[in-house]
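Each chain, written out:
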Amino acid sequence: MKKIAIIVFILLCSCNKEKLKNTAKEIRKDIPKAALYFTQIKGNDVKLGKPVYGDWLFSRKEKGQTFEQYFLSKHIVPTKDENIIYIRPIGNFNSLQKKQIELLNEYLAIFFQLKTKTLKSISNDVVPNSARRMMFGHEQLLAGYLLDDVLKKEKPANRIALMGLSELDLYPKPEWNYVFGLASYRDKVGVSSIYRLQDGELTSENFNVCLSRLLKISSHEIGHMFGLHHCINADCVMNGSNSMSETDKQSIRLCSVCQQKLSSCIKYDDRKRLADLEDYFKRNNMTPEFLAMKKDAEAVSTKNDL
């Protein structure tokens, strides 16, 4: 009986693998002509180099995620009842920080092609003393408390994702020094801190560098909420990161495969999204980011003319 059971199990596994392959083939057949866009921009993907000590992938063996795997996975999809991304500022923000939040709101609306709203800022007083501490001469808040006891309880209308944004540093556990952010992808809620993005103090001189970090980290975390795994194939905003220096080196651009995943989920106009991103970076004098979008725009335009 055991031998029969093993044979049946092997046959079932083989059938499932074959079924998955056939399904993947069908997916490719059903992808509309608009998917040519991803073939056109694929040439601008930059292959990841071999990870070195300190890099995210040096100590982590991630399997990645193909487009077919994403397509077949369970992930949130916008509906008429769930289609708005919310930002909830937590703390006291100065004028430059408020400007960055405004620009983040605009960026997320473009990046995901979904309506994005910034809610009224709430006080740090929502966090009790038991979930606060002093470390390295500054105050930190317990990220898990903000996530579980504050943000998860909020139910703004038509919410598809909610990102809390703290002005203070965060820590996940007493034994940890700090954390950039924390998220519950199942609940579509996350919290990030701007504290370590701003080199001690946000000024007009470091404004764009700090803004780029905020845009990368926020779009990365919300990307996870839409089911995107870490990208291990190309330089991409969905790459994992161990440090701020690694984040700084990474592209703000989604690689062609990750773009295809997000597009299949939200079903936006890819060329409109690209034009919106190009315009955003140009208006805000973010030159490296603008040039990355311009390269994609040129690839699409050139191949359309052939």
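Within each chain, residues carry numbers counting from 1 in the order of the written sequence. Local features in this predicted model are restricted to residues of pLDDT 70 or higher, and side-chain atom pairs are both shown and tallied only at a pLDDT of 80 or more, whereas totals for entire chains, interfaces and linings draw on every residue. Processing note: side-chain calculations cover all non-hydrogen atoms of the structure and skip hydrogens and water entirely.

Quick notes on the pattern of salt bridges
Here comes step 1: We count a salt bridge whenever a side-chain nitrogen from Lys or Arg sits within 4 Å of a carboxyl oxygen from Asp or Glu. Within this structure, the stated rule accounts for 14 salt bridges.
Here comes step 2: In this structure, Glu106 engages Arg283 in a salt bridge whose closest nitrogen and oxygen atoms are separated by 2.6 Å. Of this pair, Glu106 sits in helix H4 (residues 95–112) while Arg283 sits in helix H9 (residues 270–283); the two residues are 177 residues apart in sequence, bridging distant segments of the chain.
Here comes step 3: Looking at Glu106, the relative accessible area reads 28%, which means it is partly exposed.
Here comes step 4: Relative accessible area decides the class of each residue, using a 1.4 Å probe on protein chains only: under 20% of the type maximum gives buried, over 50% gives exposed, and in between gives partly exposed. Under the relative-accessibility criterion, Arg283 is labelled partly exposed at 42%.
Here comes step 5: With its nearest N and O atoms 2.8 Å apart, the salt bridge here joins Arg253 to Asp296. The secondary structure listing takes helices from DSSP runs of H or I that are at least 4 residues long and strands from runs of E that are at least 2 residues long, numbered from the N terminus.

Quick word on the packing of H4 against H9
A pair of packed helices is captured by two measures, namely the crossing angle of their axes and the spacing between those axes.
Here comes step 1: Axis lines are fitted to C-alpha atoms, over the contacting stretch for helices. Their N-to-C directions set the angle, which ranges from 0 to 180 degrees. As a packed pair, H4 and H9 sit with axes 9 Å apart at the nearest point and diverge in direction by 160°. As far as their axial angle goes, H9 and H4 are roughly antiparallel. Relative to H9, the crossing made by H4 is left-handed. Contact residues: Leu103, Leu104, Glu106, Tyr107, Ile110 and Phe111 in H4; Arg273, Asp276, Leu277, Tyr280, Phe281 and Arg283 in H9.
Here comes step 2: Here the contact of H4 with H9 is composed, by residue class, of eight nonpolar, no polar and four charged. Each angle gets one of four labels, with under 35 degrees taken as roughly parallel, over 145 as roughly antiparallel, 65 to 115 as roughly perpendicular, and the rest as oblique. A clockwise turn of the near helix away from the far one marks a right-handed crossing, whereas an anticlockwise turn of less than a right angle marks a left-handed crossing. Contacts are residue-level and defined by heavy atoms, with any inter-residue pair within 4.5 Å sufficient. Residues are sorted three ways: Asp, Glu, Lys and Arg are charged, Ala, Val, Leu, Ile, Met, Phe, Trp, Tyr, Cys and Pro are nonpolar, and all the rest, Gly among them, are polar.

Comments concerning the nonpolar core
Proteins that are soluble and globular tend to have nonpolar side chains buried together.
Here comes step 1: The term nonpolar core refers to a set of buried residues drawn from Ala, Val, Leu, Ile, Met, Phe, Trp, Tyr and Cys, joined through side-chain atoms within 4.5 Å. Among the nonpolar cores identified, the biggest contains 57 residues, and Phe112, Phe226 and Phe281 are the most heavily contacted of them.
Here comes step 2: Secondary structure elements with two or more residues in this core: helix H2 (36–41), strand S1 (84–90), H4, strand S5 (159–166), helix H6 (207–225), helix H8 (256–266), H9 and helix H10 (287–305).
Here comes step 3: Not counting chain neighbours up to four residues away, the residues in contact with Phe226 comprise Tyr70, His75, Ile76, Pro78, Phe112, Leu114, Ile160, Leu262, Cys265 and Ile266.
Here comes step 4: Judged by nonpolar contacts, the second largest core, of 18 residues, contains Ile90, Val127, Leu146 and Leu147.

So, the packing of H4 against H6
Here comes step 1: The contact between H4 and H6 brings their axes to 10 Å, and the two run at 45°. The angle between the axes of H4 and H6 places the two elements in the oblique class. The chirality of how H4 crosses H6 is right-handed. Residues Leu96, Lys99, Gln100, Leu103, Leu104, Tyr107, Leu108, Phe111 and Phe112 of H4 pack against Phe207, Cys210, Leu211, Leu214, Leu215, Ser218, Ser219, Ile222 and Gly223 of H6.
Here comes step 2: In the contact of H4 with H6, the residues fall into 13 nonpolar, four polar and one charged.

Description of the sheet that holds strand S3 (residues 132–135)
Here comes step 1: Here a strand pair is declared whenever DSSP counts at least two bridges between the two strands. One open sheet holds the three strands; their spatial order is S3-S4-S6, and the pairing between them is mixed. Each of the sheet's edge strands pairs with one partner strand only, and the pair in question is S3 and strand S6 (169–171). Within this sheet the neighbouring strands show an average axis-to-axis angle of 45°, counted without direction.
Here comes step 2: Summarising the sheet, S3 and strand S4 (residues 138–142) pair through four bridges and their orientation is antiparallel. Counted as the bridge partner of Met134 is Glu139 from S4.
Here comes step 3: Lying over the sheet, helix H5 (residues 143–150) contacts S4 and S6, oriented at roughly 40° with respect to S4.

Details of unusual backbone geometry
Here comes step 1: Phi at Asn158 takes a positive value of approximately 60°, unusual for a residue other than glycine.
Here comes step 2: Considering the arrangement of structural elements, one finds Asn158 in the loop between H5 and S5.
Here comes step 3: Exposure remark for Asn158: the relative accessible area of 31% places this residue in the partly exposed category.
Here comes step 4: In this model, Lys267 sits at a positive phi of 60°, which is unusual for a non-glycine residue.
Here comes step 5: Secondary-structure assignment places Lys267 in the loop between H8 and H9.
Here comes step 6: The exposed category is assigned to Lys267, whose relative accessible area is 64%.

Overview of the sheet that holds strand S2 (residues 115–118)
Here comes step 1: Taken in spatial order, the five strands of this open sheet run S2-S1-S5-S8-S7, and their pairing is mixed. Bordering the open sheet on either side are S2 and strand S7 (181–184), each of which pairs with just one other strand. With strand direction ignored, the average angle separating the axes of adjacent strands in the sheet is 15°.
Here comes step 2: Bridge count for S1 against S5 is seven bridges, and the pairing is parallel. Residue pairing in the sheet places Tyr86 in a bridge with Leu162 of S5.
Here comes step 3: Sheet contacts for H4: S1, S2 and S5; angle to S2, the most-contacted strand, approximately 160°.
Here comes step 4: Against the sheet, H6 engages S1, S5, S7 and strand S8 (189–193), with an angle of about 145° to S5.

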